[in-house]
Amino acid sequence: MNSAAFVLISILTLGAALAAATLRKLMHAALCFALTFGGLAMFFLLLGAEFVGLALVFIYVGAVAVLIVFTILLTRRDAVKERRVHWAGAVIAVVAFGTLAWSILRTESVSVVAHRMPSLTVGRIGEALMTGYVWPLQCTGLLLTAALIGALVLVMEEKQ
Amino acid sequence: MTPTLQSFLIISAALFSIGLLAALSRRHAIFILIGIELMLAAANLNFIAFWRFRPQQESPVGVLIALFSIAIAAGEAAVGLALVIAVYRHYRTTNVDQLDQLKG
Amino acid sequence: MSRSIIDHLWLVPAAPFVVSLVILSLANSLRKSAAALAVAGQLAALGMSAVAFLPTLRGDGFRATHNFAWFAFGEQTLRLGFMLDPLGAAMLLMICVVGLCIFVFSVGYMAKDKNFVRFFAYLSFFSGAMLGLVIANSLLLLFIFWELVGLASYLLIGFWIERPGAAEAAKKAFITTRIGDMGFFLGLLWLYDRSGTLLFYDGGRGCLEPAGLAMLGGSATLIALLIFFGAAGKSGQFPLHVWLPDAMEGPTPVSALIHAATMVAAGVFLVARVYPLFSLGALNGVTPSLTVVVWVGVTTALMAALIAIAQTDIKRVLAYSTVSQLGLMMVSLGVGGVAAGIMHLLAHGFFKALLFLGAGSVIHGCHGEQDIRKMGGLRRSMPATFATYAVGMMALSGVPLFFSGGWTKEEMLHVAANWPRSRAPYYLIAIGVILTALYMTRQVIYVFLGSRRAAAEHAHESPPVMTVPLVALAFCSVFFGVVLTPAWPWLHGYLTGESVRFDPARLIQPMFFISLSLVAAGIGLGAWMYRKAGAQDGDRAAEIDPLEYAQPALFRFLANRMWIDELYGRTIVAFAWASARMSDWLDRRFWDGLPRGLGAVGRLLSIFATGVDERGINAGVDETTVGARGLGRLLSLAQAGRIRVYLGVLALGAVALLLLYAWLA
């Protein structure tokens, strides 16, 4: 694993995330959001989960970010002006991060180095999905169907 | 310096905190959704990291979990956005501070 | 035979009682039935009395008793009883005969009265009570009948209820006799306490028998005096005589029956009945209680006779005469002449009733006039009344030989003269005899002799229903003397149980001449003093009485009844009024104030409670609700409705949990 790549990717991802969280203009934030997921996908590639990384790109950048952009465009009647940063939320976020970081650094068992392993093939994932994890697969499918129908119902125009 | 598991975990913790920040400190409803998505992504990163750094074992469990998580997150984002649109249609605003009809 | 008589003796008073109740239930219009029933009841009583009389003729102290238990309290039983002895039987006969004559007379006298029926009911009631009184064997039973008789007297004196004077007189009679009865009752209680029984004769255990008397010891005198107090009230002795003259407010038949012949005689009868109590421990026939009886009797006799001389109401003269005669009877009893006193009582019953009925006839004939100064010359217009009245007057005055009253007066003078203690009563009684003849002569002259005056102008003789009883009573007044003469003292022997024999020589004795001279003196004096009273014409109402002419101050003193009524009015009555006023004040201010004060306290408490309730409790509840509302408002802040707040809280909670896990690990 290349440490330089790690550092670069982490900077990218975290920077984009921060931008997505704090930018005033909504469109810019949405685009940074997409960038964040790009960075995340690179992380996954670095970690050897190529399929998941590419899937992340497809789904998040390709679908969710676009969805968000569409929604922004649809709900744009008046400009939402942000006055100043809500510092209560920042405090909570910092506290949360601090706690997590502290607990992570304190734990001995997680300071391991990656070992070599053969890359995971798509065939193997597919095989696992269809045999051992067929139930979660079907349930997820059902859930997605329900979500689809629900979203449609929510957005449907009321009968006049 | 080789990235250890710890470093990945810290990254994911940071991502999570940023997502939390986004969810708590923005007034726009979509921003809250963005924050939630970020938090979910951080959790996914955690899973993959733990899968990669585990002792010798050939099992795609972490990957699969992350896969399912992504799928569900997408579905949830869709429904959430549909909600935002529906609310916008009714109240003509996406400012969550103005959506306080349930105030006691 | 005598057993069954004594066992059924209670029927004698029961008959008039039952008749009285029946008459009370009759309507006012059924006059004939009422009168018939009353007379029938009296006749029945007379018949039964006659039957009861027969066994007592046996002599030698006949006495039969019938005792029964009335009720028991605890271990003691209260027993009552009836007795039959010569005294009682003689009284029964006298009451029945006199009562019958008066009942018949009343039919005529009260013919125009609208309360005719009620009158006969009361008369029968009285008759029953009086009959019961004389046959009672228990002091308590006697007292019960005593009170009943008093009640009848009250009802009859106040018979004309619309007259305030009658109501006042009835009240006065009742209250005065009540005072006497108080003494009677106290004596009764004391006697019961000491001797344990109230029966007179109870086979040796009675309170008048030696065994019972022995238990009394020294208290016998006081008990006797207390009982005498009651007798004095009923018989109008001084100082309780004031009610008797006022009782003349009642109808004349009432005056005749109750206040001449029978009820007032009850007092004398009582003394005779409980004589063993009075004479206990007598030294030569003298005891302290008997001495008191004598002096009270003497005082009464003399006082009443003096007052009678100056009275102008025909009935008042007779009333005071009754008081005087009763005093005489008491004297006789006191000096030991029980038989003499009782004989006079019986004779007096007949001729006093006769005199009163005669007065009633006169009043009836003069259309209601009662003032003797307005009468006169009735000799010619009311011959039957005059003749019978004259008989009665002579009997009362004590004219001897032909009239019963003469024999009894002689007998009484005789026993008074032989009193070992003192001869003063004898002399005083002698004066009384003179006075009696004097005032009776005066009355006869004023009423019957001389020429007619204002009221007598249109006088007419009374109807036969009224004159026949007069004749009957006159007959009794004369022929009763047959059994009273010393020649053949049958009645004396009957009463005392001694044997008698006919001895004409006994007629002529010193006392005969003494009494004859006294009576002659009295009548002669009266005739001389009032000789002019009947002679002149014209309106004599304004004419001055000769005595008044001679001694105006004395006359006024006597005419106003020696101011005794006024004295009582100033002292006792005034005291009673003052006590009543004070009680009223006390009741209204003090005793009434206490509940009112409590009421005020109650009101105060309620004000306090209201205050506590309103200020304290209500305010507390109000404050609590306000606080609850405030708390609610406070708590509802948590429901901000804002998503960011919810999220913030959620995140905070999650972070806290994280920290907890981190710390625990």
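Before reading further, recall that the structure is shown in the block above.
Only a predicted model underlies this, so the values are computations on that prediction, with no experimental measurement involved. (Residues numbered from 1 in each chain as written. Chains lettered and ligands numbered in written order. Predicted model: local features only at pLDDT ≥ 70, side-chain atom pairs only at ≥ 80, totals over all residues.)

On to the overall build of chain A, then. Along the backbone of chain A there are six helices and zero strands. Along chain A, from the amino end to the carboxyl end, the secondary structure elements read α-α-α-α-α-α. Looking at chain A as a whole, 28% of its 160 residues are labelled buried. At a minimum sequence separation of 6, the contacts of chain A that also span at least 24 residues come to 50%. (Helix = DSSP H or I, 4+ residues; strand = E, 2+ residues; numbered from the N terminus. Buried ≥ 20, exposed ≤ 12 C-beta atoms within 10 Å, placed from the backbone. Contact = placed C-beta atoms within 7 Å.)

Bringing the interface of chain B and chain C into the picture now. Residue-level contacts link eleven residues of chain B with ten residues of chain C. Here the residues of the side of chain B that touches chain C sort into six nonpolar, two polar and three charged. (Nonpolar A, V, L, I, M, F, W, Y, C, P; charged D, E, K, R; others polar.)

Let us look at the environment of B:Ile32. Residues and elements named next belong to chain B. Along the chain, the position of Ile-32 falls in helix H2 (residues 29–52). C-alpha of Ile-32 to C-alpha of Leu-21: the two residues are eleven residues apart in sequence and 9.2 Å apart in space. Once residues lying within four places of it in the same chain are set aside, the contact partners of Ile-32 are Ala-23, Arg-26 and Val-96.

Across the boundary between the two partners, chain A contributes 68 residues, which contact 58 residues of chain B. Counting only elements with at least two residues in the side of chain A that touches chain B, the list comes to helix H1 (3–22), helix H2 (26–47), helix H3 (50–74), helix H4 (87–106), helix H5 (122–131) and helix H6 (134–155) of chain A. Looking at the side of chain A that touches chain B element by element, the count peaks at eleven residues for H3(A). Of the residues in the side of chain A that touches chain B, the class split is 53 nonpolar, twelve polar and three charged.

This part covers unusual backbone geometry. With glycine set apart, most residues show a phi of negative sign, and most peptide bonds adopt trans. Residue C:Pro239 is bonded to the preceding C:Phe238 through a cis peptide linkage, with omega at 0°. One can find C:Pro239 in the loop between helix H9 (220–234) and helix H10 (243–246). You will see that B:Arg92, though not glycine, has its phi angle at about 60°, which is positive. You can see B:Arg92 is positioned in the segment after helix H3 (61–91).

Looking now at the packing of helix H4 (residues 86–109) of chain C against helix H16 (residues 338–365) of chain C. All names here are of chain C. Running from N to C, H4 and H16 cross one another at 5°; their axes reach a closest spacing of 10 Å. Between H4 and H16, the angle falls in the class roughly parallel. On H16, the residues touching Leu-87, Ala-90, Met-94, Val-98, Cys-101, Ile-102, Phe-105 and Tyr-109 of H4 are Ile-342, Leu-346, Gly-349, Phe-350, Ala-353, Leu-357, Gly-360 and His-364. When the residues that make up the contact of H4 with H16 are grouped by side-chain class, the tally is 13 nonpolar, three polar and no charged. (Axes fitted to C-alpha atoms, helices over the stretch in contact; angles between N-to-C directions. Parallel < 35°, antiparallel > 145°, perpendicular 65-115°, else oblique.)

Interaxial distance between H3(A) and H2(B) falls to 12 Å at its minimum, and their mutual angle equals 175°. Judged by the inter-axis angle, H3(A) sits roughly antiparallel to H2(B). Contacts between H3(A) and H2(B) involve A:Val52, A:Val64, A:Ile68, A:Thr71 and A:Ile72 from the first element and B:Ile30, B:Ile34, B:Glu37 and B:Ile48 from the second. Residue composition of the contact of H3(A) with H2(B), grouped by class: seven nonpolar, one polar and one charged.

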